[in-house]
Amino acid sequence: MDQDLVADLYRQMLRIRRFEEEAARLYTERKIGGFLHLYIGEEAVAVGTASVLEERDYVITAYRCHGHYLARGGSARHGMAELLGKETGCSRGRGGSMHFYDLEHNFMGGWGIVGAHVPLAAGLAFAQNYKETDSVVVCFLGDGAINIGPFHEGLTLAALWKLPVVYVIENNFFAMGTPLQKTAPTEDLSIRALGYPMARDSVDGHDVFAVRSTMHTAIRRAREKRLPTLVEAKTYRYRGHSMADPAKYRTKEELEEWKKRDPILTLGEKMISLGMKETKEKIDQEIETEIADAVEFAESSPMPDPSTATDYVYV
Amino acid sequence: MREIPIRDALREAMSEEMERDPNVFLLGEEVGAYNGAYKCSRGMLDKFGPKRVIDTPICENGFAGLAIGAAMAGLRPIVEFMTFNFSLIAIDQIINTAAKARLMSGGAFTLPIVFRGAGGAAYQLAAQHANSFDSFYAYTPGLKVIAPATPYDMKGLLKSAIRDDNPVVFFESELTYSLKGPVPEEEYTIPIGAAEIKREGSDISLITWSKNLFLTQQVADDLAAEGVSPEIVDLRTLRPLDKETLLSSVAKTHRALVIQEQHEVASYGAYLAHVIQSEIMDELDAPVGLVSSLEAPMPYAKSIERIVLPSKERCLEAAWKTLEGWR
Ligand SMILES: Cc1ncc(C[n+]2csc(CCOP(=O)(O)OP(=O)(O)O)c2C)c(N)n1
């Protein structure tokens, strides 16, 4: 096994986990307003995917966006500052938790209306064909997004026009408090691909290597054959839907089952069995330092000036 | 000067801008092989090919969203809605995505995109096909909203809309696609946000936009026959509003009547009355008048469709009320 790769995947996942844990703490201290949707538990999906993307590729997602932003190379400092509504945030404090953007890394957000970003992803991919680049687009969405019109309209166009986009349903089995069985009559959400039609796959989203290999195939299909894919990644969110949700609609046992297979925990154990204990400890320490620095940066940054309340509306 | 119909003026605007910038493209239902539901894109598929003149399936949210995504990646789409009635399927993309992306990203996104098509009532299309959504879109910060009347204004403003780096909603009208007017052969553009005095006068400002300019011209003729000197302010752009032209006209005539196809409640015309009254109350000799569509979805039958829409008779009645004490 490639030790550098293992170390990097571990680092990326831990970075998201620790960022999110600090965000939760700052939220309970009332330093973060609005909705805060944490990605804790789902890190392997974003990190496995990002690890097989090129810099020139695009990523777009819904409101549970911190993990994808960080996995794409977004700065922890500017992300944390965004959560605190600071001028130094990745969206200058105008977006908040649900609307992270980092166009330098082709991270296109951060969207709050369920399913509405699915056509946007098709458009990003359309533009790659139009401009004759070989870049591809990855669009993450929740299992709650597969019943709304824009999901179907976006996939219709992606299949019809052969667009280089991979749609990844992050199936965490809940849309807010609604369990999947109540909204989708199937265990395998990727079969939705059949009708457009487009290629499909389903993967264990708690296994970062499985995600890598599934996404590698899908991304190659997009890059080389200019064809879309619908991937389902089965995963789990450990926290409530947002910080306001105590998640009483599921059992502790179910949560504990998933936690046993936690992607960060298991990869950490693997590192030790591979004799990488020192590397792991070094990474743990570096991440602590980076996240502490991010919090410090965010807390000491200025809020947007009142005189700028209507800036950034028009070019 | 040569005279051409509005549909040709629009086609010339789109074609010239597509020749000028390879990133401009047109998409929508029936825009290609069918030449456009109202033939505004006649010949464009042959000229530019299927890469740049793109027939879409019937999925307004999907193709509007796709266009926004393409704009995020540097292209400059023109989205044709067969009519704006169907834009409601895409209104989430227009209002919640296009209009807000720049603010939410702290200025990172630039979204050069035009949503254009026919708005408003035509002949007996019944309630679902006769919506006038000018006020809906004008309500939204982040959009520019243009509603011209004449072929000359249509062409010049559509060219500016395509060159603009913001999302623009551009209203046309089914009733006037065949209407002819002078349009020079030479290239020109008209700035967004500039109203035009279409008729100079001194007694009352008749304020309107879109195809109601033509109704307003009839009203003005009738008033003039009675010895009144009416001025016509054609707003052409609703957002941003050209306050200067509007207010200086009213400050001159001291009386204002707005003629709009919207329903009155929460409408653009009601906003104009507010602007006038709050900024130049002292100049007014009468309350600002407002003629709107009646508060009913558009009925089909001719005898009542005519009643719901602003008519010359209702406009004249309102004008005379606004003119009370004149002379
Ligand atoms: C169109 C729309 N309807 C309702 C909501 C409110 N809402 C926000 S998140 C959510 C649940 C979505 O669940 P899912 O897509 O599975 O994503 P997850 O939160 O699990 O990541 C709902 C109903 C919304 N944002 N957009």
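Since the model is a prediction, treat every value here as computed from it, not as a measurement.

### Brief notes about the overall build of chain B
- Counting secondary structure elements, chain B contains 12 helices and 14 strands.
- The globule rule puts the C-alpha radius of gyration for 327 residues at 20 Å, and the 20 Å found for chain B is close to it.
- Here the C-alpha coordinates of chain B stretch approximately 60 × 45 × 40 Å along the principal axes.
- Nonlocal contacts in chain B, meaning residues at least 24 apart in sequence, comprise 81% of its contacts between residues at least 6 apart.
- Charged side chains in chain B number 32 positive and 44 negative. The centres of these two groups are separated by 3 Å.

### Some details on the overall build of chain A
- Secondary structure summary: chain A contains 10 helices and eight strands in total.
- Taken against the 2.2 N^0.38 rule, which gives 20 Å for 315 residues, the C-alpha radius of gyration of chain A at 19 Å falls within 12% of a compact globule.
- Overall, the C-alpha framework of chain A stretches about 55 × 50 × 40 Å when taken along its three principal axes.
- When each of the 315 residues of chain A is scored for burial, the buried share is 56%.
- Taking as baseline every contact in chain A between residues at least 6 positions apart, the subset at least 24 positions apart corresponds to 75%.
- Per element, the accessible surface of chain A, about 12,900 Å² overall, is 52% carbon and sulfur.
- Across chain A, 38 positive and 46 negative side-chain charges occur, with their mean positions spaced 3 Å apart.

### Concerning the pattern of salt bridges
- Using the criterion set out here, one finds 50 salt bridges over all chains in the structure.
- Notably, a salt bridge pairs Lys234(A) with Glu232(A), separated by 2.8 Å at the nearest N-O pair.
- A relative accessible area of 22% means that Lys234(A) is categorised as partly exposed.
- Judged by its relative accessible area of 0%, Glu232(A) is buried.
- Its salt-bridge partner being Lys198(B), residue Glu196(B) comes within 2.9 Å of it at the nearest N-O pair.
- What you see here is one network of salt bridges that share partners, running through Arg2(B), Glu12(B), Glu16(B), Glu17(B), Arg20(B), Lys155(B), Lys159(B), Arg163(B) and Glu187(B).

### Considering the interface of chain A and chain B
- Contact residues are listed per partner, giving 35 residues for chain A and 47 residues for chain B.
- Approximately 3,200 Å² of surface area, both sides summed, lies buried where chain A meets chain B, with 71% of it carried by carbon and sulfur atoms.
- Per-residue buried area on chain A facing chain B is highest for Tyr130(A), Tyr314(A) and Val315(A); these three make up 23% of the total on that side.
- On the surface where chain A and chain B come into contact, there are zero salt bridges.
- Across the contact surface, chain A and chain B share 13 residue pairs in polar contact (both at pLDDT 80 or more).

### Overview of the domain arrangement of chain B
Residues and elements named next belong to chain B.
- One can read the domain layout of chain B as domain 1 (3–182) and domain 2 (196–322).
- Centre-to-centre separation of domain 1 and domain 2, based on C-alpha positions: 26 Å.
- Of the roughly 2,200 Å² buried at the junction of domain 1 and domain 2 (both faces included), carbon and sulfur atoms supply 55%.
- Counting across the domain 1 and domain 2 interface gives two salt bridges.

### Details of the environment of Leu53(A)
- Tracing the backbone through its elements, the reader meets Leu53(A) in the loop between helix H2 (43–50) and strand S1 (58–61).
- Sequence separation of Leu53(A) and Val136(A) is 83 residues, and the distance between their C-alpha atoms is 8.5 Å.

### Notes on the nonpolar core
- Tyr167(A), Phe115(B), Tyr137(B) and Leu235(B) are the most contacted members of the largest nonpolar core, which has 92 residues in total.
- Looking at which element gives the most residues to this core, the answer is helix H5 (residues 117–130) of chain A, with nine residues.
- Structurally, this core is a two-domain feature, drawing no fewer than three residues from each of domain 1 (3–182) and domain 2 (196–322) of chain B.
- Counting 66 residues, the second largest nonpolar core, distinct from the first, contains Phe19(A), Ala71(A), Ile291(A) and Phe297(A).

### Focus on the site of the ligand
Residue and element names in this part refer to chain A.
- Of all residues adjacent to the ligand, which total 15 residues, the nearest are Tyr63, Arg64, Gly112, Gly144 and Asn172.
- Between the ligand and Arg64, the relevant distance is 2.8 Å, taken from an oxygen atom to a side-chain nitrogen or oxygen of the residue.
- Compared with its free state, where it exposes 590 Å², the ligand has 72% of that area covered by protein.
- Here the residues of the shell around the ligand are counted per class, giving eight nonpolar, five polar and two charged.

### Looking at the sheet that holds strand S11 (residues 230–234) of chain B
All names here are of chain B.
- Here we have five strands laid out as an open sheet, ordered S9-S11-S10-S13-S14, and mixed in their pairing. Every interior strand has two partners, whereas the edge strands, strand S9 (196–199) and strand S14 (289–293), have only one. Mean inter-strand twist for the sheet, computed between neighbouring axes without regard to direction, equals 25°.
- Judged from the three bridges that link them, S9 and S11 form a sheet pairing that is antiparallel. Bridging from a neighbouring strand, Arg199 pairs with Ile232 of S11.

The rules behind each value
- Residues numbered from 1 in each chain as written.
- Chains lettered and ligands numbered in written order.
- Predicted model: local features only at pLDDT ≥ 70, side-chain atom pairs only at ≥ 80, totals over all residues.
- Heavy atoms only, no water.
- Helix = DSSP H or I, 4+ residues; strand = E, 2+ residues; numbered from the N terminus.
- Rg over C-alpha atoms; globule rule 2.2 N^0.38 Å.
- Contact = heavy atoms within 4.5 Å.
- Lys, Arg positive; Asp, Glu negative; His and termini not counted.
- Charge placed at Lys NZ, Arg CZ, Asp CG, Glu CD.
- Buried < 20%, exposed > 50% of the residue type's maximum accessible area, 1.4 Å probe, protein only.
- Areas by Shrake-Rupley, 256 points an atom, 1.4 Å probe, with all protein chains shown as cover.
- Salt bridge = Lys/Arg side-chain N within 4 Å of Asp/Glu carboxyl O.
- Buried area = accessible area lost by both parts, 1.4 Å probe.
- Polar contact = N/O pair within 3.5 Å; in protein donor to acceptor, adjacent residues only side chain to side chain.
- Domains from an automatic or database assignment.
- Core = buried A, V, L, I, M, F, W, Y, C linked by side-chain atoms within 4.5 Å.
- Near = heavy atom within 4 Å.
- Nonpolar A, V, L, I, M, F, W, Y, C, P; charged D, E, K, R; others polar.
- Pairing = 2+ DSSP bridges.
- Axes fitted to C-alpha atoms, helices over the stretch in contact; angles between N-to-C directions.

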